[in-house]
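In case you want the letters, here they are:
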Amino acid sequence: MTFPELTLRAFDPQDTDRLLDIWLSASRLGHPFLGDDTLLAQRDNVRDVYLPGAENHVAVLDGQPVGFIGMMDCFIGGLFVDPAHHGHGIGRALVNYVSQQRPMLELDVYAVNKLAPDFYRKLGFHEVSRRPHDDEGRPFEVILMRRGK
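Residues numbered from 1 in each chain as written. Predicted model: local features only at pLDDT ≥ 70, side-chain atom pairs only at ≥ 80, totals over all residues. Heavy atoms only, no water.

Observations concerning the packing of aromatic side chains
Definition in use: Two aromatic rings from Phe, Tyr or Trp, using only the six-membered ring of Trp, form a pair when their centres are within 6.5 Å; if the ring planes differ by under 30 degrees the pair is stacked, by over 60 it is edge-to-face, and anything between is tilted. By the criteria applied, helices consist of DSSP H or I runs no shorter than four residues and strands consist of E runs no shorter than two, each listed in order from the N terminus. When a residue's accessible area, from a 1.4 Å probe over protein chains only, is under 20% of the maximum for its type it is buried; when over 50% it is exposed; and in between it is partly exposed.
By the definition in use, this model includes seven aromatic pairs. Judged by centre distance (5.0 Å) and plane angle (75°), the ring pair of Phe-33 and Tyr-110 falls under edge-to-face. In this pair, Phe-33 is assigned in the loop between helix H1 (16-30) and helix H2 (36-53) and Tyr-110 in strand E5 (residues 104-110), connecting sequence segments 77 residues apart. When its relative accessible area of 25% is taken as the criterion, Phe-33 is described as partly exposed. Taking relative accessible area as the criterion, Tyr-110 reaches 12% and is therefore assigned buried. Ring geometry for Phe-119 and Tyr-120: centres 5.0 Å apart, planes at 75°, overall edge-to-face.

Here you go:
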């Protein structure tokens, strides 16, 4: 399902608080194995490092941000949609939007994430490799996925 009133636009620093709320609620759903203390600590990095340092695009529905995607060149650093809006094509719209200028997209996803690997496979991503630990050295397997060239 798609929404005719869904718009995609560049990140505005005024979006920060809403995007942090989206990030935290989506992360609690997709990454519960990290624990709330870890997620709350990571939220500061999202606010201070990732939002200002990445190329971010925001999905807006009825004037309210409902999701965002953060890009570092051809790498999707993060894709987060408000769980209240999951299953409505917002994540797909964001991925398709950034792929218009990129012949290839890559991303990392936790193997134990119950939602993300299948979501990305449905969008044409395939597994390239796996590593046994995440970027912080925690024992959670990470899948590198790619779409395109």
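A few points about the sheet that holds strand E7 (residues 142-148)
Heads up, the condition is: When DSSP finds two or more bridges between a pair of strands, those strands are recorded as paired. Between N-to-C directions, angles span 0 to 180 degrees; the directions come from axes that are lines fitted to C-alpha atoms, helices contributing only their stretch in contact. Contacts: residue pairs with any heavy atoms within 4.5 Å of one another.
One open sheet holds the seven strands; their spatial order is E1-E2-E3-E4-E5-E7-E6, and the pairing between them is mixed. Edge positions in the open sheet fall to strand E1 (7-10) and strand E6 (126-131), since each of these has one partner strand only. Adjacent strand axes in the sheet meet at a mean angle of 30° when their direction is disregarded. As paired elements, E6 and E7 share five bridges and run antiparallel to each other. Along E7, the bridge assignment pairs Ser-129 with Leu-144. Relative to strand E3 (residues 64-72), H1 is tilted by about 80°, and along the sheet it contacts strand E2 (55-61), E3 and strand E4 (75-81). On the sheet, helix H3 (residues 90-99) packs against E1, E2, E3, E4, E5 and E7 and is oriented at approximately 40° with respect to E3.

Some thoughts on the nonpolar core
To keep things clear, this is the line we draw: The criterion is simple. A nonpolar core is a set of buried Ala, Val, Leu, Ile, Met, Phe, Trp, Tyr and Cys residues joined through side-chain atoms within 4.5 Å.
Counting residues in hydrophobic clusters, the biggest one holds 22 residues, and the most contacted among them are Ile-69, Ile-76, Val-95, Tyr-120 and Phe-125. For this core, the element with the most residues is H3, which contributes four residues. Look past the residues within four positions of Phe-125 in its chain and what remains in contact with it is Ile-76, Val-95, Leu-105, Leu-107, Tyr-120, Met-145, Arg-146 and Arg-147. One finds Trp-23, Ala-26, Leu-34 and Phe-68 within the second-largest nonpolar core, a separate group that totals 17 residues.

Here we look at the packing of H1 against H2
For the record, the criterion: By definition, any crossing whose near helix is turned counterclockwise from its far helix by less than a right angle is left-handed, and any crossing with a clockwise turn is right-handed. Throughout this entry, Asp, Glu, Lys and Arg are counted as charged residues, while Ala, Val, Leu, Ile, Met, Phe, Trp, Tyr, Cys and Pro are counted as nonpolar. The remaining residues, Gly among them, count as polar.
Where H1 contacts H2, the axes come no closer than 10 Å and their chain directions differ by 145°. Crossing hand, H1 versus H2: right-handed. The residues of H2 that touch H1, namely those facing Thr-16, Leu-19, Leu-20, Trp-23, Leu-24, Ser-27 and Arg-28, are Asp-36, Leu-39, Leu-40, Gln-42, Arg-43, Val-46, Arg-47 and Leu-51. Grouping the amino acids of the contact of H1 with H2 by side-chain chemistry returns eight nonpolar, three polar and four charged.

Description of the environment of Glu-127
Under the convention used in this document: N or O atoms within 3.5 Å of each other form a polar contact, as long as, within protein, one can give a hydrogen and the other can take it, and as long as residues adjacent in sequence are counted only when both atoms are side-chain atoms.
Mapping Glu-127 onto the fold places it in strand E6. In this structure Glu-127 comes out as partly exposed when scored by relative accessible area, which is 35%. Between the C-alpha atoms of Glu-127 and Asn-113, which are 14 residues apart in sequence, the distance is 14 Å. Within the structure, the side chain of Glu-127 is placed 2.8 Å from the side chain of Arg-130, a separation counted as a polar contact.

Notes on the pattern of salt bridges
To keep things clear, this is the line we draw: Salt bridges, as used here, are contacts in which a Lys or Arg side-chain nitrogen is within 4 Å of a carboxyl oxygen on Asp or Glu.
Evaluation of the coordinates by the stated rule reveals 14 salt bridges. Its salt-bridge partner being Asp-36, residue Arg-28 comes within 2.6 Å of it at the nearest N-O pair. Take Arg-28: its relative accessible area is 39%, and that puts it in the partly exposed class. Within this structure, Asp-44, Arg-47 and Asp-48 form a network of salt bridges that share partners.

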